[in-house]
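What follows is each chain in one-letter form.
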Amino acid sequence: VQLQASGGGVVQAGASLRLSCAASGRTDGRFVMGWFRQAPGKEREFVSTLNWNGGATYYADSVKGRFTLSRDKAENRVYLQMHSLKPEDTAVYYCAAGRPILSSFRSWSAYNYWGQGTLVTVSS
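Residues numbered from 1 in each chain as written. Predicted model: local features only at pLDDT ≥ 70, side-chain atom pairs only at ≥ 80, totals over all residues. Heavy atoms only, no water.

A short note on the pattern of salt bridges
Inference 1: In this structure the tally under the stated criterion is seven salt bridges.
Inference 2: Across the pair Arg 37 and Glu 45 runs a salt bridge whose closest N-O atoms are separated by 2.6 Å.
Inference 3: Here Asp 89 and Arg 66 are joined by a salt bridge, their closest N and O atoms 2.7 Å apart. Taken together, the residues span a long stretch of sequence, with Asp 89 in the loop between strand 8 (77–82) and strand 9 (91–98) and Arg 66 in the loop between strand 6 (57–59) and strand 7 (67–72) at a distance of 23 residues. (Salt bridge = Lys/Arg side-chain N within 4 Å of Asp/Glu carboxyl O. Helix = DSSP H or I, 4+ residues; strand = E, 2+ residues; numbered from the N terminus.)

Spelled out as structure tokens, the structure:
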């Protein structure tokens, strides 16, 4: 599976932004796609992921209610719609995919496929 991410940019606090990630390859079984992010000097952290075939979606507490992850199965693409952005959302965002077991989907090490990072900068 190959992932191609797009979106990102520089916005002011309170603004919205949308990231997109397209997958090529097999998406059957318990395939999931989502996003992680890494701020300077910090560990890569889970943002959101969805079960490609079941539709269940999961979010980090820090983004719940502000970010929405959706999928377009026809285009093999996921979208991360981000609202009410905060300076602490500033990070490189990475699209990720794989078939992690349910108990490990928040761990970056459970994902086999990664897109290139896209930088999101939120100014105060």
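Now, onward.
What to know about the nonpolar core
Inference 1: Among the nonpolar cores identified, the biggest contains 36 residues, and Met 33, Trp 35, Phe 67, Val 78, Leu 80, Met 82 and Tyr 93 are the most heavily contacted of them.
Inference 2: With five residues, strand 9 is the largest single contributor of residues to this core.
Inference 3: In contact with Val 78, not counting residues within four places along its chain, are Leu 19, Ser 20, Cys 21, Met 33, Trp 35, Leu 50, Trp 52, Leu 69, Ser 70 and Arg 71. (Core = buried A, V, L, I, M, F, W, Y, C linked by side-chain atoms within 4.5 Å. Buried < 20%, exposed > 50% of the residue type's maximum accessible area, 1.4 Å probe, protein only. Contact = heavy atoms within 4.5 Å.)

Things to note about the sheet that holds strand 3 (residues 17–24)
Inference 1: Strand order in the open sheet formed by four strands is 1-3-8-7, and the pairing between neighbours is antiparallel. At either end of the open sheet lies a strand with only one pairing partner, and these are strand 1 (2–6) and strand 7. Averaged over all pairs of adjacent strands, the angle between strand axes in this sheet comes to 15°, irrespective of strand direction.
Inference 2: Pairing geometry for strand 1 and strand 3, over five bridges, is antiparallel. Counterpart to Leu 3 in the pairing with strand 3 is Ala 23. (Pairing = 2+ DSSP bridges. Axes fitted to C-alpha atoms, helices over the stretch in contact; angles between N-to-C directions.)

Details of the side chain of Thr 118
Inference 1: By secondary structure assignment, the location of Thr 118 is in strand 11 (residues 118–123).
Inference 2: In this structure Thr 118 comes out as buried when scored by relative accessible area, which is 9%.
Inference 3: If we skip the residues at most four places from it in the chain, Thr 118 touches Gly 7, Gly 8, Leu 19, Trp 35, Ala 91, Val 92 and Tyr 93.

Quick word on the state of the cysteines
Inference 1: Evaluation of the coordinates by the stated rule reveals one disulfide.
Inference 2: The disulfide bridge from Cys 21 ends at Cys 95, spanning 2.0 Å between sulfur atoms. Judged by the torsion about the S-S bond (-85°), the Cys 21/Cys 95 disulfide is left-handed. Here the residue Cys 21 occupies a position in strand 3, and Cys 95 occupies one in strand 9, the gap between them amounting to 74 residues. (Disulfide = S-S within 2.5 Å.)

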